[in-house]
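# Coordinate analysis (summary)
Single-letter residue listing:
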Amino acid sequence: MSNHIIKVDNLVKKYGDFTAVKGISFDVKEGEIFGLLGPNGAGKTTTLEIMETLREKTSGQVFIDGMDLDKEPQAIKNIIGVQLQAAGYYPNLNLKQIINLFAGLYNRDTDPMALLDTVNLREKAKNKFKQLSGGQKQRFSIATTLINEPKLIFLDEPTTGLDPQARRNLWDLIKQLRERGCTVVITTHYMDEAEELCERVAIIDSGEMIALSTPAELIDKLLATGFQRPKAMKAANLEDVFLNMTGKEWREG
Ligand code: ATP
């Protein structure tokens, strides 16, 4: 049996004449935290949403836990955790009620307060989603991905807009999920986050995969070229790898 929970083979996504994802292939190992990195517009969200069964691919193959995305999208939905867009939360229900509603839909016996504790929102249980701050909304949306006890969780820029404490707490939560055997696929623009969390990262640029390795190997490879970081304590970090590979120019959003 393969220990790959995700297999993506030659994935292509076209939006009209524009090819956003240009034949990328990668595997994600069961139990790892896998990072999808790349500049704005690289194709990360497109790739993520195809794996989440939320967006149609143009061609290529995707297998999730051995299931073919083309044949068993519903079975795939049952084992994955997906962060919903804010619009997906019923504005007039409070957080506890939303969790109970989702738990009912998934037919799970979830303890809403315990779940709110994991993202430090217990005292907001009676608040409506629209009354939360941006960071609190973000944390709540991560909590809701856990309701169906997924084997595999997709997080699209989960710490964007969070304060440093919330970021670090979420890193701890993501690590706890891995310790429970959950596989996590995460997109992020923060290289420190990728370096801290991810066993392996894929770097995508303009729809093409330009690297797939562990952060440490990517850093060592850059250092082997003679790269030296100006006035740094350490000679290089993953941010150097990323900028060295993808350039420093502004990208369109
Ligand atoms: P970011 O870091 O800015 O979130 P990303 O790597 O997630 O970027 P995508 O959102 O996957 O990038 O977008 C990849 C490319 O596809 C971009 O050029 C974007 O404009 C284009 N694109 C995305 N969605 C659509 C759509 N529905 N219709 C047309 N083009 C789209």
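The present account deals with the structure reproduced in this document.

About the thresholds
Per chain, the residues get numbers from 1 upward, laid out in the order the sequence is written. Local features in this predicted model are restricted to residues whose pLDDT is 70 or higher, and side-chain atom pairs enter the listing and the counts only when it is 80 or higher, whereas totals over whole chains, interfaces and linings include all residues. To get the side-chain values, take all heavy atoms of the structure and skip hydrogens and water. Strands were regarded as paired on the criterion that DSSP finds at least two bridges between them. For the purposes of this entry, the term helix denotes a DSSP run of H or I that reaches at least four residues, the term strand denotes a run of E that reaches at least two, and both are numbered from the N terminus. Buried residues are those whose accessible area, probed at 1.4 Å on protein chains only, stays under 20% of the maximum for their type, while exposed residues exceed 50% and partly exposed ones sit between those limits. Working definition: the arc comes from the directions between the helix axis and the C-beta atoms, pointing outward to the latter. Only the stretch in contact is used when a helix axis is fitted, and all axes are lines through C-alpha atoms; the angle between N-to-C directions ranges over 0 to 180 degrees. Two rings from Phe, Tyr or Trp (for Trp, the six-membered ring) form a pair when their centres are within 6.5 Å of each other. A pair whose planes differ by under 30 degrees is stacked, one over 60 is edge-to-face, and the rest are tilted.

### Observations concerning the pairing of strand β4 (residues 59-64)
Note: strand β1 (residues 4-15) against β4, five bridges, orientation antiparallel. Directly across from D9, in β4, lies its bridge partner Q61. Relative to strand β5 (residues 67-68), β4 runs antiparallel, the two being bridged by two bridges. From the neighbouring strand, I64 faces β5, where its bridge partner is M67.

### Considering helix α8 (residues 215-224)
What α8 keeps buried is the set P215, L218, I219 and L222. Projected down its long axis, α8 shows its buried positions confined to an angular sector of 100°, all on one face. Set apart from the buried face of α8 by more than 90 degrees, the exposed residues are K221 and A224. In the stretch just after α8, G226 is the one whose phi turns positive, near 95°.

### Considering the sheet that holds strand β3 (residues 33-37)
Taken in spatial order, the six strands make up an open sheet running β6-β7-β8-β3-β9-β10, and their pairing is mixed. Of all strands in the sheet, those bounded by a partner on one side alone are β6 (80-82) and β10 (208-213). Geometrically, the sheet is characterised by an average inter-axis angle of 15° between neighbouring strands, direction not taken into account. Of the pairings in the sheet, the one linking β6 to strand β7 (residues 152-156) comprises three bridges and is parallel in character.

### Quick word on the packing of aromatic side chains
Inspection of the entire model under this criterion finds two aromatic pairs. Considering the side-chain rings of F26 and F34, the 5.4 Å spacing of their centres and the 10° angle between planes classify their relative orientation as stacked. With respect to burial, F26 and F34 carry one shared label: buried. Both rings, one in F129 and one in F140, keep their centres 6.0 Å apart while their planes meet at 50°; by these two values the pair is tilted. Separated by 11 residues along the polypeptide, F129 in the loop between α4 (112-118) and α5 (134-145) and F140 in helix α5 bring together distant segments of the chain. The burial state of F129 is the same as that of F140; both residues are buried.

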